[in-house]
Protein chains: 2
Amino acid sequence: MTTTTDRATGEQLKDQVLDAARRAKRAAAELAQATRSTKDELLHAMADALVKRGPEILAANERDVANGRESGMPEGLIDRLSLSTERIEAMADGLRTVAGLPDPVGEVVRGNVLPNGLQLQQVRVPLGVVGIVYEGRPNVTVDAAGLTLKAGNAVLLRGSSSAENSNTALVEILSDVVVEHGLPADSVQLLPCHDRASVQHLITARGLVDVVIPRGGAGLISAVVQNATVPAIETGVGNCHVYVDASADIDTALRILLNSKARRPSVCNAAETFLVHEDIAAEFLPRALAELHGAGVTVHGDERVVAVGGSNVVAATDEDWDAEFLSLDIAAAVVDSLPAAVEHIREHGSGHTEAIVTSDVRAARQFTAQVDAAAVMVNASTAFTDGGEFGMGAEIGISTQKLHARGPMGLPELTSTKWLAFGDGHVRPGSAPANQSSC
Amino acid sequence: MTTTTDRATGEQLKDQVLDAARRAKRAAAELAQATRSTKDELLHAMADALVKRGPEILAANERDVANGRESGMPEGLIDRLSLSTERIEAMADGLRTVAGLPDPVGEVVRGNVLPNGLQLQQVRVPLGVVGIVYEGRPNVTVDAAGLTLKAGNAVLLRGSSSAENSNTALVEILSDVVVEHGLPADSVQLLPCHDRASVQHLITARGLVDVVIPRGGAGLISAVVQNATVPAIETGVGNCHVYVDASADIDTALRILLNSKARRPSVCNAAETFLVHEDIAAEFLPRALAELHGAGVTVHGDERVVAVGGSNVVAATDEDWDAEFLSLDIAAAVVDSLPAAVEHIREHGSGHTEAIVTSDVRAARQFTAQVDAAAVMVNASTAFTDGGEFGMGAEIGISTQKLHARGPMGLPELTSTKWLAFGDGHVRPGSAPANQSSC
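Residues numbered from 1 in each chain as written. Chains lettered and ligands numbered in written order. Predicted model: local features only at pLDDT ≥ 70, side-chain atom pairs only at ≥ 80, totals over all residues. Heavy atoms only, no water.

Chain A is annotated in an unreviewed UniProt entry as Gamma-glutamyl phosphate reductase of Saccharopolyspora oryzae. Word for word, the UniProt comment on chain A under Catalytic activity (unreviewed entry) is "L-glutamate 5-semialdehyde + phosphate + NADP(+) = L-glutamyl 5-phosphate + NADPH + H(+)". (UniProt positions renumbered as here; feature names shortened; annotations may be inferred.)

Shown next as C-alpha cells:
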C-alpha cells in the first residue's frame, strides 16, 4: 500500500505514482484470472474486517474530523467526512451486496460460427487498472474498491487530503484482507493526496492506467476529463429538466416536480429547471410555485413565471438556465410548444436526465426520440437515475458521456471485452485488393 | 460542404472548423430521427451517383495523382491514391452493403420492469458528430461517410491534402444526394486539409464533436489520441504475435504463420513476431525459416533462432520486439514455456491480435485466459481480425483500446445508448442517508 504524509519532491511524487501504477498493472494481470468464488470470499472477508476493526477506522476518522474543524471546514462537509459505526456497517453491507452480484468477467456477450467454421466469441474482461479521483466521503474508498475488484481490476485511489487518515486506515484493512487471501498486495492502493500533481501523474499514466473515473464536483470532473491522457469517464453534472406538457395530469406533474427537485437537491439527478407548456401554465404554475415555496425552493423564473408571482420567485439570469444549483433552487420557464422544450433542453441540458410529464402518446414518443441524454423519463421523477434504482445492484458513478458507458455505471461498465476465435488451422484466403484494408 | 484551397489564417481556420462542427451538430439532431428506410435509400442513391458521376471523380483524382507524381510521391502511395472505374464500383458496392445491414439505431439493448413497476429500456442512439482523420486513400471518404450516416451520425472528414481534389469531388457528389433526399446539407462535410491545425481544432472541439477516429499510420493515430480532448478511439497499431506451442501440429503452424505474416504484410493484423516453444523448435524452426524465405520474409531472430541459420535470418535488435514492420519482416524467438510466451506478449504486444497454435486443451485455455488483446486466436490466422471476416458486414476501423469498442468496429460501435424509463407518475420514496449518493 502506498501513501505518504511527507511532501515528496516533484520528481519523487511522479515516481511514486507511476511505480504504484506499475505494481497495479502487475496485480491486475493476476486479478483478471481470479474466479468469482475467490472474489466474493474476499469481499465478505473485507466486510467483516471493516466491522471488526471499526475502532481503528473511527480513531483515524476522528483525527480527520478534528483537523477539519481546526481548519474551519463547514459543518456540511464535516458531516460528509464523518464516519460512525452505522456508516461502517453500511460500507460493509455495500461490499456484501457486490459479492452477491453476477460476475461480469467471462460473460459471453455474443458469439457465432462464421461461414468458414471459425468459432467466434466476444467475452468480458476486466479493464485492468482503474483510477478513482474523489473528494470528501471516505465510503467511496470502500465502495470503489469493492466494485473494481469484483470486476477483476486493480484500483488506484486518490482521495481527498481531508480524509487522509480515514482512507489510509480503510485501505490498510482492505489490503490486509487481500494479502490474507493470497491475492496481490497491490490490488488496492492509496495514492498521495496532498499535492494536486499526484492527480496529474495518475491521469497521464498512459500504458499503465486503463481508465480514470472522477467522483466529485464539476471542478474536479472537468479537471480530470480535460487533462487526462488516459481514458476518462465523465461523470455526473446534472442540469436536469422536468417538462410539463400541455396534456399533463397536474397532480402527477406536481408530485414528479417536487420529488425531482426536493427529495435530494444536492445529487446530480436532481431537477434544476422545469419547463411548462403555455397551454397548461395558467393552471399549473400557481400550484407549482406554492408547493415549491412550501418545500423551501426558490424559483428563478422567466418573465411569464415571474408574472405569476410569489415570495419565492426571482427573475432568472442568463446563467441560471445552465446552472446546476445543487440546492433548493430551480429555474423555470414557460415554453410555447414541445419542440421549444426540446430545443431548450438541447441548448442547456448536460445530458444527464430529462423528464416529461404528459398524457399524450405522441408527445411521449417525440420527447423520448428527440431528447438525447443518459436517461429520459416519461411520467417519472428524475431521481430514479441511479444504479441501485435501475437494478444494477451497485454503482460506481453516473456517466454523462456517450462512449463506453452512459448513465448509471455498474459492474459491466468496469469491464472491456475481447474476441476469441477458435479454428482448426483456419487461414484467410488470397490477398484482397490493396484498397480494401481498413488500417 | 466545407472545403477550401485558400490558406486561411490561423483564426479563420479555427472558425471554419468549429463552424462546420456546429453545423454538423445541428445536422446530427435531424439525422438521429431518420428511419432506416430513409437512410438505406440515401445510401443506394449515393452508390448510384458515384458510378454515374465517375468521370468527375476520375478527373479530380487525376489532378491529385499528377500533383503527387510532380512532388515525388512513391509509387506505392500513388497506387493507394489512384482511383479507377473498378475502385469506384467497389466504393459504391460498399455503400450498398451498408444499406443492407441492420440499423443499430433504436435497437433495444436491454430492458426490464423494476420492482416498483417502472419500465426501463436501454436503446441505441447515434453518437452524434463523428470526426474521421485519415491519410491517403480516397475510398475512406466514402466508406466512413456510409457507415457513420447509416448509424445516424453527421460526419466531419479530414483527409489527406494529397487526395484533396478526389475527396472534394466525392463529398460534393455525396452531399448533392443528401440534399436531394431532404436530409441536412451538413450531414457530410470535408474539412480543410492543408494545415495540420485543422486536425487540432477538430479533435479539441468539445461539446461539438462526439468522437474522433484516426485512420492511418502510428504517427497519425498517436497524434490524434494524445492531443484530442474529445473522445477518441485508438485504432490499429498491430504488433501481433503467433505463438507455436509445444504440442502444435507443425503443418498447421506453418500455414498459420505464413498466412499471418505474408498474406497482407502492410495491414495492422499482420503478425510481426512469432514465438516457438523450445520443445518444438528443433523440428519447427528449420521448416519455418525456409518457408518464410520462400515468401521473401526476413527473420529478425534471437540467438536460438539465428543459430538455426538461413540467408534470410538476421540478429534481432531490442527494438524489433516492439516493431510493427508492416513489411516482409518478422521477429522470432524461442521461449521456454507458455507462461514465457504470455509474458513476452504482455511486454511487447500492442493489444491487437495474438494467436496460439496448439493441440493441448489446457494450453489453449491458459493462452486465451491470460493474453489480453482485442482478439485472441486459437489455431487460426491473425488475418481474421477484420469486420468483414467477423460478420459485421463493414468496418470503420479496428480499435486497440479497451473502452467503448475493442477489435473490429462496425455499426453498433458508432452508437451510444440512452435509458428510457416509463412510469405512471412514479416518484422515489424518502430521502436516502446523506452518504449514499454516488455524485
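Caption draft 1: Expanded view of the packing of helix α6 (residues 139-150) of chain A against helix α7 (residues 164-180) of chain A. All names here are of chain A. Direction vectors running N to C along α6 and α7 enclose 30 degrees, while the axes themselves pass 9 Å from each other. With respect to each other, α6 and α7 are oriented roughly parallel. The element α6 and its partner α7 pack so that their crossing is right-handed. On α7, the residues that touch Thr141, Val142 and Ala145 of α6 are Asn167, Leu170, Val171 and Leu174. (Axes fitted to C-alpha atoms, helices over the stretch in contact; angles between N-to-C directions. Helix = DSSP H or I, 4+ residues; strand = E, 2+ residues; numbered from the N terminus. Parallel < 35°, antiparallel > 145°, perpendicular 65-115°, else oblique. Left-handed = near helix turned anticlockwise from the far one by under 90°. Contact = heavy atoms within 4.5 Å.)

Caption draft 2: View of a negative patch on the surface. Where like charges cluster on the molecular surface, the negative patch consists of Asp318(A), Glu319(A), Asp322(A), Glu343(A) and Glu347(A). With respect to the secondary-structure elements, Glu319(A) resides in the loop between β10 (313-315) and β11 (329-335). (Patch = residues over 30% accessible without salt bridge, like charges linked within 9 Å, V, L, I, M, F, W, Y side chains within 5 Å. Areas by Shrake-Rupley, 256 points an atom, 1.4 Å probe, with all protein chains shown as cover. Salt bridge = Lys/Arg side-chain N within 4 Å of Asp/Glu carboxyl O. Lys, Arg positive; Asp, Glu negative; His and termini not counted. Charge placed at Lys NZ, Arg CZ, Asp CG, Glu CD.)

Caption draft 3: View of the environment of Gly296(A). Within the element layout of this structure, Gly296(A) appears in the loop between α11 (278-294) and β9 (298-301). Along the primary structure Gly296(A) and Val371(A) are separated by 75 residues, whereas in three dimensions their C-alpha atoms are 30 Å apart.

Caption draft 4: Structural detail: the side chain of Thr273(A). Residue and element names in this part refer to chain A. Mapped onto the elements, Thr273 comes out in strand β8 (residues 271-277). By relative accessible area, Thr273 is classed as buried at 0%. Residues within four places of Thr273 in sequence aside, it is in contact with Asn239, Cys240, His241, Val242, Trp321, Ile330, Ala331 and His344. (Buried < 20%, exposed > 50% of the residue type's maximum accessible area, 1.4 Å probe, protein only.)

Caption draft 5: Region of interest: the packing of aromatic side chains. All names here are of chain A. Applying the stated criterion across every chain yields a total of 6 aromatic pairs over all chains. Between the aromatic rings of Tyr243 and Phe367, the centroid separation amounts to 6.1 Å while the plane-to-plane angle is 20 degrees, which identifies the pairing as stacked. Highlighted residues: Tyr243 in strand β7 (residues 240-244) and Phe367 in helix α14 (residues 361-370), separated in sequence by 124 residues. Of the two residues examined, Tyr243 and Phe367, each falls in the buried class. (Phe/Tyr/Trp six-rings, centres within 6.5 Å; stacked < 30°, edge-to-face > 60°.)

Caption draft 6: Representation of the pairing of strand β7 (residues 240-244) of chain B in the model. Residues and elements named next belong to chain B. Along β7, 5 of the 5 residues are buried, which leaves the element largely enclosed by surrounding structure. Burial along β7 is two-sided: Cys240, Val242 and Val244 facing one way and His241 and Tyr243 facing the other are all buried. As defined by bridge partners, β7 adjoins strand β8 (residues 271-277) across 5 bridges and the pair is classed as parallel. Note on β8: the bridge partner recorded for Cys240 is Ala271. Crossover connection from β7 via helix α10 (residues 250-262) to parallel β8: handedness right-handed. Pairing of β7 with strand β12 (residues 353-357), which is carried by 4 bridges, proceeds in the parallel orientation. (Pairing = 2+ DSSP bridges. Right-handed = clockwise from strand over helix to strand, strands pointing away.)

Caption draft 7: Main features of the sheet that holds strand β13 (residues 375-380) of chain A. Spatial ordering of the open sheet is given by β10(A)-β9(A)-β11(A)-β8(A)-β7(A)-β12(A)-β13(A)-β16(B)-β2(B)-β1(B), a layout of 10 strands whose pairing is mixed. What marks the edges here is a single partner per strand, and that holds for β10 of chain A together with β1 (108-113) of chain B. The sheet shows a mean angle of 25 degrees between the axes of neighbouring strands, direction not considered. When β9(A) meets β10(A), the two strands line up parallel, connected through 3 bridges. By the bridge assignment, His300(A) is partnered in β10(A) with Val314(A). Strands in contact with helix α10 (residues 250-262) of chain A are β7, β8, β11, β12 (353-357) and β13 of chain A together with β16 (415-426) of chain B; relative to β16(B), the strand with the most contacts, it is inclined by about 125 degrees. Contacting β7, β8, β9, β10 and β11 of chain A, α11(A) runs over the sheet at an angle of about 145 degrees to β8(A).

Caption draft 8: Looking closely at the environment of Leu220(B). Residues and elements named next belong to chain B. Mapped onto the fold, Leu220 is located in helix α9 (residues 218-227). Residues Leu220 and Leu13, spaced 207 residues apart in sequence, show a C-alpha to C-alpha distance of 20 Å. Ignoring sequence-local partners within four residues, the contact set of Leu220 consists of Val133, Tyr134, Glu135, Pro214 and Arg215.

Caption draft 9: Representation of the sheet that holds strand β6 (residues 211-215) of chain B in the model. Residues and elements named next belong to chain B. Taken in spatial order, the 4 strands of this open sheet run β5-β4-β3-β6, and their pairing is parallel. Whereas interior strands pair on both sides, the edge strands pair on one side only; in this sheet they are β5 (188-190) and β6. The sheet shows a mean angle of 20 degrees between the axes of neighbouring strands, taken without regard to direction. Sheet topology places strand β3 (residues 129-134) next to strand β4 (residues 154-158); 5 bridges connect them, and they run parallel. Considered in β4, the bridge of Val130 is made with Val155. Seen against the sheet, helix α7 (residues 164-180) touches β3, β4 and β5 and runs at an angle of roughly 160 degrees to β5.

Caption draft 10: Region of interest: the relation of the copies chain B and chain A. When chain B is fitted to chain A, the best match, at an RMSD of 0.0 Å, comes from turning it 180 degrees and sliding it 0.0 Å along the axis. This pairing of chains is accounted for by a two-fold axis. Considering only C-alpha atoms, the part of chain B nearest the rotation axis is His404(B), at 1.8 Å. Mapped onto chain A, 100% of the interface residues of chain B again fall at the interface, so both copies present the same surface. (Least-squares fit on C-alpha atoms with pLDDT ≥ 70 in both.)

Caption draft 11: A look at the pattern of salt bridges. Scanning the entire structure with this criterion turns up 46 salt bridges over all chains. We note a salt bridge from Arg96(A) to Asp93(A), for which the minimum N-O separation is 3.1 Å. Taken together, the residues span about one helical turn, with Arg96(A) and Asp93(A) both in helix α5 (residues 85-99) at a distance of 3 residues. We note a salt bridge from Arg36(B) to Asp40(B), for which the minimum N-O separation is 2.7 Å. Of this pair, Arg36(B) and Asp40(B) both sit in helix α2 (residues 36-52), 4 residues apart, roughly one helical turn. Overall, Asp40(B) belongs to the buried group, its relative accessible area being 12%. One salt-bridge network, in which partners are shared between bridges, spans Asp210(A), Asp372(B), Lys402(B) and Arg406(B).

Caption draft 12: Representation of the interface of chain B and chain A in the model. Contacts between the two partners involve 92 residues from chain B and, on the opposite side, 92 residues from chain A. Together chain B and chain A conceal approximately 7,600 Å² of surface at their shared face, both sides included; 47% is due to carbon and sulfur atoms. The tally of links between chain B and chain A comes to 10 salt bridges. Between Arg110(A) and Glu413(B) there is a salt bridge; the shortest N-O distance is 3.4 Å. Applying the counting rule to chain B against chain A returns 49 residue pairs in polar contact (both at pLDDT 80 or more). It is β16(B) that contributes the most residues to the side of chain B that touches chain A, 11 residues altogether. Considered class by class, the residues forming the side of chain B that touches chain A number 40 nonpolar, 29 polar and 23 charged. Inspection of the sheet shows β13(A) paired to β16(B) by 5 bridges, in the parallel sense. (Buried area = accessible area lost by both parts, 1.4 Å probe. Polar contact = N/O pair within 3.5 Å; in protein donor to acceptor, adjacent residues only side chain to side chain. Nonpolar A, V, L, I, M, F, W, Y, C, P; charged D, E, K, R; others polar.)

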